[in-house]
Structure formats: structure tokens, C-alpha cells
Amino acid sequence: MKKLYIISFKREAEDKLLGYYKVGDLAIVTLQKIGENIEEISSYEILDDFDRKALKQLAKEIGW
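Residues numbered from 1 in each chain as written. Predicted model: local features only at pLDDT ≥ 70, side-chain atom pairs only at ≥ 80, totals over all residues. Heavy atoms only, no water.

J.: How do you make sense of the nonpolar core when you look at a structure like this?
T.: Counting residues in hydrophobic clusters, the biggest one holds 12 residues: Tyr 21, Ile 28, Val 29, Leu 31, Ile 38, Ile 41, Tyr 44, Leu 47, Ala 54, Leu 55, Leu 58 and Ala 59. Contributions of two or more residues to this core are made by α2 (23–33) and α4 (49–62). Among the elements that line this core, the one with the most residues is α4, at 4 residues. Setting aside chain neighbours within four positions, we find Ile 38 in contact with Ile 28, Gln 32 and Tyr 44. (Core = buried A, V, L, I, M, F, W, Y, C linked by side-chain atoms within 4.5 Å. Buried < 20%, exposed > 50% of the residue type's maximum accessible area, 1.4 Å probe, protein only. Helix = DSSP H or I, 4+ residues; strand = E, 2+ residues; numbered from the N terminus. Contact = heavy atoms within 4.5 Å.)

J.: Help me out: how do you make sense of α4 in this one?
T.: Side chains three or four residues apart in an α-helix point the same way, a direct result of the helix having 3.6 residues per turn. Compared with the 20 Å implied by 1.5 Å per residue over 14 residues, the 20 Å span of α4 between its first and last C-alpha is a close match. Within the sequence span of α4, burial applies to Asp 51, Ala 54, Leu 55, Leu 58 and Ala 59. Down the axis of α4, the smallest arc covering the buried residues is 140 degrees, so these residues share one side. Seen from the open side of α4, the exposed residues pointing more than 90 degrees away from its buried face are Asp 49, Phe 50, Lys 53, Lys 56 and Lys 60. Elements in contact with the buried residues of α4: β2 (21–22), α2 and α3 (42–45). The N-cap residue of α4 is Asp 48: its side-chain oxygen and the backbone nitrogen of Phe 50 are 3.2 Å apart. Following α4 by one or two positions, Gly 63 adopts a phi angle in the positive range, close to 100 degrees. (Expected span 1.5 Å × (residues − 1). Arc of directions from axis to C-beta. Polar contact = N/O pair within 3.5 Å; in protein donor to acceptor, adjacent residues only side chain to side chain.)

J.: What exactly am I supposed to notice about the side chain of Ser 8 here?
T.: Summarising the element assignment, Ser 8 is placed in the loop between α1 (2–7) and β1 (16–18). Those residues in contact with Ser 8 that sit more than four places away from it in its chain are Gly 24, Ala 27, Ile 28, Ile 41 and Ser 43.

The following block contains the structure:
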């Protein structure tokens, strides 16, 4: 889990995963899937509404 927290900050252009999504986005969604409250994760707290909605969409697309 510690590594997922570290990776969750990887949201720069060079961290692009697929389309708009970044490696950090997948880490945050994964943390949520394993039961973490993402609203308490500092990398999530700094996101704007657009990025938070994108994370919800990513979770939906993955099927989580």
C-alpha cells in the first residue's frame, strides 16, 4: 500500500497511462478498491473536481 500512495502522486504528462489517465490515477482507484478512503489521501485532496470525476470514470471503466 505504501508504494501505491507514492505512485498516486504520479500525475504529470510523462506519467500518462492511457488517454487522459495517469499512473497516479490508477493508483488512487486501486487504493479505493482495496478499501482505503480516498478522500483522506493527500494526492486525492489536491485534485480539482474535473480530476475527481475522471477518477470515478476510470473506476467505472475498469469495472470496479
